[in-house]
Amino acid sequence: EVQLVESGGGLVPAGGSLRLSCAASGFTSDDYAIGWFRQAPGKEREGISCISSADGITHYADSVKDRFTISSDNAKNTVYLQMNSLKPEDTAVYYCAASLRSCPGYYHGIHYWGKGTLVTVSS
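Notes on the structure follow. Here the structure is a predicted model, which is why all the values come from computation and not from measurement. (Residues numbered from 1 in each chain as written. Predicted model: local features only at pLDDT ≥ 70, side-chain atom pairs only at ≥ 80, totals over all residues. Heavy atoms only, no water.)

## Some details on the pattern of salt bridges
The cut-off we apply is this: Definition used for salt bridges: Asp or Glu carboxyl oxygen within 4 Å of a side-chain nitrogen of Lys or Arg. Segments assigned H or I by DSSP are reported as helices when at least four residues long, segments assigned E as strands when at least two residues long, and all are numbered from the N terminus. Remark: exposure states derive from per-residue accessible area (1.4 Å probe, protein chains only) relative to the maximum for the residue type, with buried under 20%, exposed over 50%, and partly exposed in between.
The tally for this structure, following the rule as stated, stands at 3 salt bridges. Its salt-bridge partner being R38, residue D90 comes within 2.9 Å of it at the nearest N-O pair. Pair noted here: D90 is in the loop between β8 (78-83) and β9 (92-99) and R38 is in strand β4 (residues 33-39), with a separation of 52 residues, a long-range link. Look at D90 and you get buried, because its relative accessible area is 1%. A relative accessible area of 7% means that R38 is categorised as buried. Close ionic contact of D90 with R67 constitutes a salt bridge, the shortest N to O distance being 2.8 Å. Highlighted residues: D90 in the loop between β8 and β9 and R67 in the loop between β6 (58-60) and β7 (68-73), separated in sequence by 23 residues. Of the residues examined, R67 reaches a relative accessible area of 12% and is grouped as buried. Each of R38, E46, R67 and D90 takes part in a single network of salt bridges with overlapping partners.

In structure tokens:
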């Protein structure tokens, strides 16, 4: 059974940094993509980043490009999202998500979701 477990959320002042982690288990294929969505109250869920396991291709939404960096540690089966220069509008529940599609097609074919971790950026 595929499981995705997020960690690293918390409260941070504007301009600060956080690193989110997603521990993945249960995959029977090495060809997949893992990344992150976020959802603020009253807003649509937004896909923000992904990384493909096969070729390492990454993608970022314009809202986080140049501030967030996605990376993976295959030995630990973990994907990270380094978030720098955080803004109050980054406040949301961040969800790790996995797809059997490659990045960036990932956003249109999510198969597995984590339970989310809350990031709050104070002004």
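Once the structure has been displayed, the description carries forward.
## What to know about the environment of P13
Formally: By the convention used here, residues are in contact when the closest approach between their heavy atoms is within 4.5 Å.
The topology assignment puts P13 in strand β2 (residues 10-13). In this view, P13 contacts V121 and S122; residues no more than four positions away in its chain are not counted.

## Examining the packing of aromatic side chains
Basically, it comes down to this: Classification of ring pairs uses Phe, Tyr and Trp, with its six-membered ring standing for Trp, and accepts pairs whose centres are within 6.5 Å; under 30 degrees between planes counts as stacked, over 60 as edge-to-face, and the remaining range as tilted.
If you walk through the whole model with that rule in mind, you get 7 aromatic pairs. With a centroid separation of 5.9 Å and an interplanar angle of 40°, the aromatic rings of F37 and Y106 are classed as tilted. Of the two residues, F37 is situated in strand β4 and Y106 in the loop between β9 and β10 (110-113); the sequence distance between them amounts to 69 residues. Assigned by exposure class, F37 and Y106 land together as buried.

## Topic: the sheet that holds strand β1 (residues 3-7)
To keep things clear, this is the line we draw: Whether two strands pair comes down to DSSP finding at least two bridges between them. All axes are obtained by fitting lines to C-alpha atoms, using only the stretch in contact for helices, and the reported angles, taken between N-to-C directions, cover 0 to 180 degrees.
Taken together, 4 strands build an open sheet; the order of strands is β1-β3-β8-β7 and the sheet is antiparallel. Bordering the open sheet on either side are β1 and β7, each of which pairs with just one other strand. Averaged over all adjacent pairs, the angle separating strand axes in this sheet is 15°, with direction ignored. Relative to strand β3 (residues 18-25), β1 runs antiparallel, the two being bridged by 5 bridges. Within β3, the residue paired with E6 across the bridge is C22.

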